[in-house]
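Per-entry structural report
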Amino acid sequence: MRIRRILAAVIATAALAGLGLTGAATATAATAQGAPSVVSPSQCEEGGGTPRIDLPGNPCKGGTYDGQSVD
């Protein structure tokens, strides 16, 4: 009986670890296909934002590209 419980716990732990690795791989793939790190002023505006070239880092404020650098 005790061996069965230990075996069940080991299998459950391995299954949960496998799900965790799958989730991490999915998150990494989604990040790699994210928004570009630098956008043009027109892209910022088309995405609903405002290019703020007067601020440090020249960010796009608001919209789809919020926080991305404007070049």
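Heads up: these notes are all about the structure in this document. (Residues numbered from 1 in each chain as written. Predicted model: local features only at pLDDT ≥ 70, side-chain atom pairs only at ≥ 80, totals over all residues. Heavy atoms only, no water.)

With respect to the helices, strands and loops of the structure, Thr-50 is situated in strand β2 (residues 50–51). In this structure Thr-50 comes out as partly exposed when scored by relative accessible area, which is 44%. Between the C-alpha atoms of Thr-50 and Gly-62, which are 12 residues apart in sequence, the distance is 6.6 Å. Sequence-distant contacts of Thr-50, defined by excluding residues within four places in its chain, comprise Cys-44, Pro-59, Cys-60 and Lys-61. (Helix = DSSP H or I, 4+ residues; strand = E, 2+ residues; numbered from the N terminus. Buried < 20%, exposed > 50% of the residue type's maximum accessible area, 1.4 Å probe, protein only. Contact = heavy atoms within 4.5 Å.)

With that settled, consider unusual backbone geometry. Phi is positive for Asn-58, close to 50°, though the residue is something other than glycine. With respect to the element layout, Asn-58 can be found in the loop between β2 and β3 (60–61).

Right, let's talk about the state of the cysteines for a bit. Taken as a whole and judged by the stated rule, the model has 1 disulfide. Here Cys-44 connects covalently by a disulfide to Cys-60, the sulfurs 2.0 Å from one another. Across the S-S bond of Cys-44 and Cys-60 the torsion is about 90°, and the bridge reads as right-handed. On the criterion of sequence distance, the pair formed by Cys-44 in helix α2 (residues 41–46) and Cys-60 in strand β3 is long-range, its members being 16 residues apart. By relative accessible area, which is 1% here, Cys-44 ends up buried. (Disulfide = S-S within 2.5 Å.)

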